[in-house]
Amino acid sequence: MTARITIFKVAVAAGKGVIYMAVKKMSEQYRLTPTMIKNIVTQKKPGNYRLGKLVNGQSRIKYVGRSDTDVAFRLLTHISEGYSWFKFCYADSAEEAFERECHEYHANGGPEGKLDNVRHPDRPKGSNYKCPRCKIFD
Ligand SMILES: [Zn+2]
C-alpha cells in the first residue's frame, strides 16, 4: 500500500480556528481474518485501524485502534471479537499513530459511547503527547 496523503479539516477548536492535518488515507475494507491480515498488512510498522460490523443491516465503524510498533500484530488480537471487517493505514511514528487515533476516536463518536472503545486512547508509554481534540491530558 502506498501512503497517499489527504488533507482533512479535522476540527474547529475554540480560539484556534480550523485545524488541518495531513493524514494517510485508510485502506479499503477487508474481511477480518488472520489470512487477510497476513496478506494485506505486510509491513511491521506503527499504524491505525478501524473495525466494523453490520448493525441493523448497516455497516458501522465500531472500534478504532492503533499500534505504536506493529499494526498487523494488534489487528490479530481482535480476531474472534465479533467484528467482520477492518481498514488500516501505516503511520511513520508512534506520535502520528496516537494523534490519528485521537481524531478517529472523537470523529466516530467515541466520547458519546458510539464505539466499543471503553475509554479515550492512551498515550504511548512514557510520552507526554496531548490529544489534539480534547483536554484529557492537559
Ligand atoms: Zn481527546
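Our subject in this report is the structure included herewith. (Residues numbered from 1 in each chain as written. Predicted model: local features only at pLDDT ≥ 70, side-chain atom pairs only at ≥ 80, totals over all residues.)

### Observations regarding the overall build of the protein chain
Across its full length, the protein chain carries three helices and six strands. Put simply, the protein chain runs from its N terminus to its C terminus through helices and strands in the order β-β-β-α-β-β-α-β-α. For the protein chain, restricting intrachain contacts to residue pairs at least 6 apart in sequence, the fraction spanning at least 24 positions comes to 63%. (Helix = DSSP H or I, 4+ residues; strand = E, 2+ residues; numbered from the N terminus. Contact = placed C-beta atoms within 7 Å.)

### Describing the pairing of strand β5 (residues 58-67)
Along β5, seven of the 10 residues are buried, which leaves the element largely enclosed by surrounding structure. Linking strand β4 (residues 47-55) to β5, which pair antiparallel, is a turn of two residues; within it N56 sits at a positive phi near 50°. (Buried ≥ 20, exposed ≤ 12 C-beta atoms within 10 Å, placed from the backbone. Pairing = 2+ DSSP bridges.)

### A word on the nonpolar core
Counting residues in each nonpolar core, the largest one holds 21 residues, and the members touching the most others are V41, Y49, V71, L75, F86 and F88. Where this core is concerned, the elements lending two or more residues are β4, β5, α2 (71-76), β6 (85-90) and α3 (94-107). Ignoring any residue separated from it by four or fewer positions in sequence, one finds F86 in contact with Y30, L32, Y49, R50, L51 and L75. (Core = buried A, V, L, I, M, F, W, Y, C linked by C-beta atoms within 7 Å.)

### Some remarks on the sheet that holds β4
With respect to topology, four strands assemble into an open sheet ordered β3-β6-β4-β5, the strand pairing being antiparallel. Lying at the two open borders of the sheet, with one neighbouring strand each, are β3 (30-31) and β5. Each of β4 and β5 is contacted by α3, which is oriented at about 155° to β5, the strand it contacts most. (Axes fitted to C-alpha atoms, helices over the stretch in contact; angles between N-to-C directions.)

### Describing α3
Its 14 residues give α3 an end-to-end C-alpha distance of 20 Å, which sits within 8% of 20 Å, the value for a rise of 1.5 Å per residue. Turning to α3, its buried residues are E96, A97, F98, E99, R100, E101, C102, H103, E104, Y105 and H106. A positive backbone phi angle near 80° is found at G109, which sits one or two residues after α3. (Expected span 1.5 Å × (residues − 1).)

### Comments concerning the environment of T77
By secondary structure assignment, the location of T77 is in the loop between α2 and β6. Taking the C-beta count within 10 Å as the criterion, T77 has 10 such neighbours and is therefore assigned exposed. When the C-alpha positions of T77 and P34 are compared, they lie 9.6 Å apart, and in sequence the two are 43 residues distant.

### Observations regarding the pairing of β6
Here β3 runs beside β6; their pairing, made up of two bridges, is antiparallel. Among the inter-strand pairings, Y30 is bridged to a residue of β6, identified as F86. Inspection of the sheet shows β4 paired to β6 by six bridges, in the antiparallel sense. Following the sheet pairing, Y49 is matched in β6 by F88.

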